[in-house]
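Structural description and commentary
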Amino acid sequence: MSSTPAPQYARLLEEVRRHDRLYYVEAKPEISDAAYDRLYRELQDLEQAHPELADENSPTRKVGGSPLDSFRSVAHAVRMQSLNNTYSEEELEDFLGRVEKGLVGQASEFAIEPKIDGLAVSVRFENGRLVQGLTRGDGERGDDITENLKTIRNLPLSVRGLPKLIEFRGEVYLPEPAFAAMNRAREKKGEALFANPRNAAAGTLKLLDSREVAKRPLAVIFYGLGEVAGFSVETQNDLHRQILQWGLPGHAWFRHVRGTSGVLDAIRELNRDRLNFPFATDGAVIKVDRFDQQKVLGQTGKAPRWAIAYKYAPEQAETRLHSVTFQVGRTGVITPVAELEPVLLSGSTVARATLHNFEEIARKDIRVGDLVTVEKAGEVIPAVISVNLKKRPSDSRPISVPSHCPVCGGPLSKEEVFLRCRSRDCVGQLKRRLQHFAHRGAMDIEGMGEVMVGQLVDAGLIQHLDQIYGLTDEQLAGLERMGEKSAANLLEGIAASKSRPLWRLIFGLGIPQVGAVLSESLARNFRSLSKLSSATVSDLTQINDVGPKVAEEIVSFFQEPSTRRLLVSLEKAGLNFTARKEELAERGGVFSGKKFVLTGTLDQPREEFIRRIQSLGGSVVGSVSAKTDYVLAGEEAGSKLSQARSLGVPILSQKEFEKLVGQDTGE
Ligand code: IVH
């Protein structure tokens, strides 16, 4: 009996869309991640078996398409406006006064909503299908970023019940935890850090390769309309509700208020609540609620008279810049670091802040001795954002741009806005590379932390990574504060590392762009280091997680003569170069078969940890027993923590967890 798969496909498509909505828009998932993955795969399989059925707006299409040469510039059907800003309650009251006057005494109600620090976009749906996405551009014309927008997880590509034509205006942003994770990963790879989530989101939306965009967890929230046909709504507060009702991403936090005191109360309330939002909020937007009143008020220049942004003061502090030091990363990038008079900022004392790069220093005209403003938002690393020029001391000195590597004296080259030490023998880079190779998330060499690495390199015992494996008792005995016992332990740790699984070695090599998770998948797919080292770009891009850029990095890494010499020497030293059976298991991973219990307050949503543990082969259970492998304990952990202690179950702090999965090399 042959059954037609069309109805089954339609049902499945609807089901996956519903769960996407529950998860991404309403944050109320009904099924487990594993159950969702099964449904999703079923949908994928069915689409593969019956390409004629596949809906071009299926959720499986959120993977990006072919790269573009450039973005097309497209005229906005309805101009995209900007907002005037105010920073004080007095200015806000002036605005409210102007509104009242403009409406000749008619009482007015307001909608108060968060101002997301992201990028404005306009998204057009025709007959319920997403057909176009534009950036704001100059307000008249924007760039066509449809392919990039289509990769955004919380943006459905097709929506039931929408009018014939509707354009949504909203903000694209990178959620805070994703931003922090992305910067951690970039730091580890020696890549430049994004100064804030907005820059990270902007940089991402400008990528011409939507497959790269798909890898970054952008999100969008709609708060306004552009061109519309076949639909009308009377107020901004109704629009918020309607957006959510359609199952589209809208603001969950908005207030409907009257009068000056209503507005002021709401923006104060928002200022407290915004710390719990997954996005960075830099203010409140106050909008006249009724659209007919908005029309009466009209606009001036580029901004409407019916709305205003009230900006909250960011977490900043002023302090003295004493000196500038330079950090050399694993790949040679030189980061200038401000050494500051310690100052309290967002609840912690800050004595160092990044100056990002030398172009930023020149642009902001920062000098040693200056009073500078440092800012920290959420998990963002503290940064120097400006200089108080009025209070510049007469003896302030310009920050000298190093002409040579501050650690090894080698030549520097300029790459985009960064300076990079090009020397192959740079001791600064070497120390970072050794630290990375030896840390717990990679080769896990006991006894070889930052201090030991420094001693070994400074004593001249290690000039190349492979010399770790040639270290002898006598050499170690010559080191300061090195007892016999610790020397023996270190050598034992080094010997033990020779038989680590292949993925750890791949990760430890520090190939640019290759983290722990990708290392595992490389180990699984190529099974030996010699096969991986001779893989071509096209071999590599066959693997799910590898895009063309990463593939090129891997190929060029293995083509380097120094890499080749290193591999020959490591093989001679007896390191394991092949994947063992357990590594080849499909759901293998650092946590393969491990049971976790989560407790206490973690600095990212629990779902995030659950996902990560699962993606590394582990599982998360509800209660602690002797069979639990790890308890991951956040702040204020309670009874589960004491149970773990009494049962002798290993307890991980969040930091230790990150080390274990290799997201944090402790550099
Ligand atoms: S309304 C006609 N509402 O802030 C009004 N803008 O500084 C146009 N923004 O370009 C904008 N959250 O990118 C509006 N709830 C919100 C917003 C918001 C963030 C951005 C938007 C705008 C910029 C103006």
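What this report covers is the structure whose coordinates are included nearby. (Residues numbered from 1 in each chain as written. Predicted model: local features only at pLDDT ≥ 70, side-chain atom pairs only at ≥ 80, totals over all residues. Heavy atoms only, no water.)

With respect to the nonpolar core
Counting 69 residues, the largest nonpolar core has Met448, Ile468, Leu509, Leu522, Leu529 and Leu540 as the members making the most contacts within it. Ranked by the residues each element gives to this core, the list is headed by helix 20 (residues 548–559), at six residues. Look past the residues within four positions of Leu522 in its chain and what remains in contact with it is Ile506, Val514, Arg527, Leu532, Leu540, Ile543 and Ile554. In terms of nonpolar packing, the next biggest core, distinct from the first, is built from 34 residues, Val123, Leu207, Val213 and Val220 among them. (Core = buried A, V, L, I, M, F, W, Y, C linked by side-chain atoms within 4.5 Å. Buried < 20%, exposed > 50% of the residue type's maximum accessible area, 1.4 Å probe, protein only. Helix = DSSP H or I, 4+ residues; strand = E, 2+ residues; numbered from the N terminus. Contact = heavy atoms within 4.5 Å.)

Description of the packing of aromatic side chains
Across all of its chains, the model carries 17 aromatic pairs by this definition. Pairwise contacts between aromatic rings join Phe125, Phe168, Phe222, Phe231 and Trp246 into one cluster. Looking at Arg255, its charged tip hangs above the ring of Trp253, at a distance of 4.1 Å from the centre. (Phe/Tyr/Trp six-rings, centres within 6.5 Å; stacked < 30°, edge-to-face > 60°. Lys NZ or Arg CZ within 6 Å of the ring centre and 35° of its normal.)

Topic: the environment of Gln429
Assignment of secondary structure puts Gln429 in helix 12 (residues 427–438). Once the C-alpha coordinates of Gln429 and Val333 are considered, the two residues, 96 residues apart in sequence, prove to be 8.9 Å apart. Looking at Gln429, its side chain comes within polar contact range of the main-chain oxygen of Cys421, at 3.1 Å. (Polar contact = N/O pair within 3.5 Å; in protein donor to acceptor, adjacent residues only side chain to side chain.)

Description of the site of the ligand
Around the ligand, 15 residues are found, and the nearest of them are Glu113, Lys115, Arg136, Glu171 and Lys287. A distance of 2.8 Å separates a nitrogen atom of the ligand from a polar side-chain atom of Glu113. Interatomic distance of 3.2 Å between a backbone N/O atom of Pro114 and a nitrogen atom of the ligand. Across the complex, the protein chains shield 88% of the 530 Å² of accessible surface that the ligand would expose by itself. Mapped by element, the contributors of at least two residues to the shell around the ligand are strand 3 (109–116) and strand 10 (281–288). Top element by residues in the shell around the ligand is strand 3. It accounts for four residues. Grouping the amino acids of the shell around the ligand by side-chain chemistry returns eight nonpolar, two polar and five charged. (Near = heavy atom within 4 Å. Areas by Shrake-Rupley, 256 points an atom, 1.4 Å probe, with all protein chains shown as cover. Nonpolar A, V, L, I, M, F, W, Y, C, P; charged D, E, K, R; others polar.)

Describing the pattern of salt bridges
Taken as a whole and judged by the stated rule, the model has 32 salt bridges. Ionic pairing is found between Glu126 and Arg124, a salt bridge with its closest N-O pair at 2.9 Å. Two residues, Lys391 and Glu318, come together in a salt bridge whose shortest N-O distance is 3.9 Å. Of this pair, Lys391 sits in the loop between strand 19 (383–387) and strand 20 (397–398) while Glu318 is found in strand 14 (residues 316–328), placing the two residues 73 residues apart along the sequence. Under the relative-accessibility criterion, Glu318 is labelled partly exposed at 36%. Linked through salt bridges whose partners overlap, the residues forming this network are Arg124, Glu126, Glu167, Arg169 and Glu227. (Salt bridge = Lys/Arg side-chain N within 4 Å of Asp/Glu carboxyl O.)

A short note on the sheet that holds strand 5 (residues 129–135)
Sheet architecture is open: four strands sit in the order 5-4-7-8, paired in antiparallel fashion. The two strands at the open ends of the sheet, each matched to only one other strand, are strand 5 and strand 8 (219–229). The mean inter-strand angle of the sheet, taken between neighbouring strand axes irrespective of direction, is 25°. Pairing of strand 4 (residues 119–126) with strand 5, which is carried by six bridges, proceeds in the antiparallel orientation. (Pairing = 2+ DSSP bridges. Axes fitted to C-alpha atoms, helices over the stretch in contact; angles between N-to-C directions.)

Brief notes about the packing of helix 23 (residues 606–615) against helix 25 (residues 654–661)
Across the interface, helix 23 lies against helix 25 with an axial gap of 12 Å and an inter-helix angle of 30°. As summarised for this structure, helix 23 and helix 25 are arranged roughly parallel, according to the angle between their axes. The handedness of the crossing between helix 23 and helix 25 comes out as left-handed. Facing Phe609, Arg612 and Ile613 of helix 23, the residues of helix 25 in contact are Gln654, Phe657, Glu658 and Val661. Residue composition of the contact of helix 23 with helix 25, by class: four nonpolar, one polar and two charged. (Parallel < 35°, antiparallel > 145°, perpendicular 65-115°, else oblique. Left-handed = near helix turned anticlockwise from the far one by under 90°.)

Points about the pairing of strand 14
By the bridge criterion, five bridges tie strand 14 to strand 18 (residues 371–375) in an arrangement that is antiparallel. Across the sheet, Glu318 pairs through a bridge with Thr373, a residue of strand 18. Summarising the sheet, strand 14 and strand 15 (residues 333–345) pair through seven bridges and their orientation is antiparallel. Across the sheet, the residue bridging to Thr325 is Val337, located in strand 15. The loop that links strand 14 with its antiparallel partner strand 15 comprises four residues; one of these, Gly332, has a positive phi angle of about 95°.

Quick notes on the sheet that holds strand 24 (residues 619–620)
If you trace the four strands from one edge of the open sheet to the other, you get 24-23-25-26, paired in parallel fashion. At either margin of the open sheet sits one strand with a lone partner, and together these are strand 24 and strand 26 (651–652). Pairing of strand 23 (residues 595–599) with strand 24 involves two bridges; the strand directions are parallel. Residue Phe596 lies in a different strand from strand 24, and its bridge partner there is Val620.

Quick look at empty space enclosed by the protein
A full pass over the atoms with the stated rule returns one cavity of 30 Å³ or more. By volume, the largest cavity amounts to about 30 Å³. Of the residues assigned to the lining of the largest cavity, the class counts are three nonpolar, three polar and three charged. (1 Å grid on protein atoms, 1.4 Å probe; cavity = no way out; pocket = protein on both sides within 12 Å on 5 of 7 lines; lining within 4 Å. Points joined across faces, edges and corners; volume = space filled by probe spheres on them.)

Comments concerning the environment of Val417
Relative to the helices and strands, Val417 is located in the loop between strand 21 (412–415) and strand 22 (418–421). It is 33 Å that separates the C-alpha atoms of Val417 and Phe657, two residues lying 240 residues apart in sequence.

Let's talk about unusual backbone geometry
Backbone geometry at Asp365 places phi at a positive 55°, although glycine is not the residue there. Mapped onto the elements, Asp365 comes out in the loop between helix 11 (358–364) and strand 17 (367–368). You will see that Asp444, though not glycine, has its phi angle at about 50°, which is positive.

Things to note about a negative patch on the surface
Taken together, Glu90, Glu91, Glu93 and Asp94 make up a surface patch of like negative charges. Locating Glu91 in the fold gives a position in helix 3 (residues 89–102). (Patch = residues over 30% accessible without salt bridge, like charges linked within 9 Å, V, L, I, M, F, W, Y side chains within 5 Å. Lys, Arg positive; Asp, Glu negative; His and termini not counted. Charge placed at Lys NZ, Arg CZ, Asp CG, Glu CD.)

Description of the packing of helix 5 (residues 176–188) against helix 6 (residues 197–205)
Axis separation between helix 5 and helix 6 bottoms out at 10 Å; the angle between their running directions is 80°. In terms of their interaxial angle, helix 5 and helix 6 are classed as roughly perpendicular. The residues of helix 6 that touch helix 5, namely those facing Glu176, Phe179 and Met182, are Pro197, Ala200 and Thr204. Its residues assigned to classes, the contact of helix 5 with helix 6 shows four nonpolar, one polar and one charged.

Quick notes on the side chain of Arg216
Mapped onto the elements of the fold, Arg216 is located in the loop between helix 7 (210–214) and strand 8. Buried within the structure, Arg216 lacks any salt-bridge partner; its nearest side chain of opposite charge belongs to Glu212, at an N-O separation of 5.8 Å. At a separation of 2.7 Å, a polar atom in the side chain of Arg216 contacts the side chain of Thr204. When residues no more than four places from it in sequence are discounted, the contact partners of Arg216 are Arg153, Met182, Arg186, Phe194, Ala200, Thr204 and Leu207.

Quick word on helix 8 (residues 236–245)
All of the buried residues in helix 8 are Gln236, Asn237, Leu239, His240 and Ile243. The buried residues of helix 8 all sit within an arc of 160° when viewed along its axis, so they share a single face. Immediately downstream of helix 8, the backbone of Gly247 shows phi near 80°, a positive value. (Arc of directions from axis to C-beta.)

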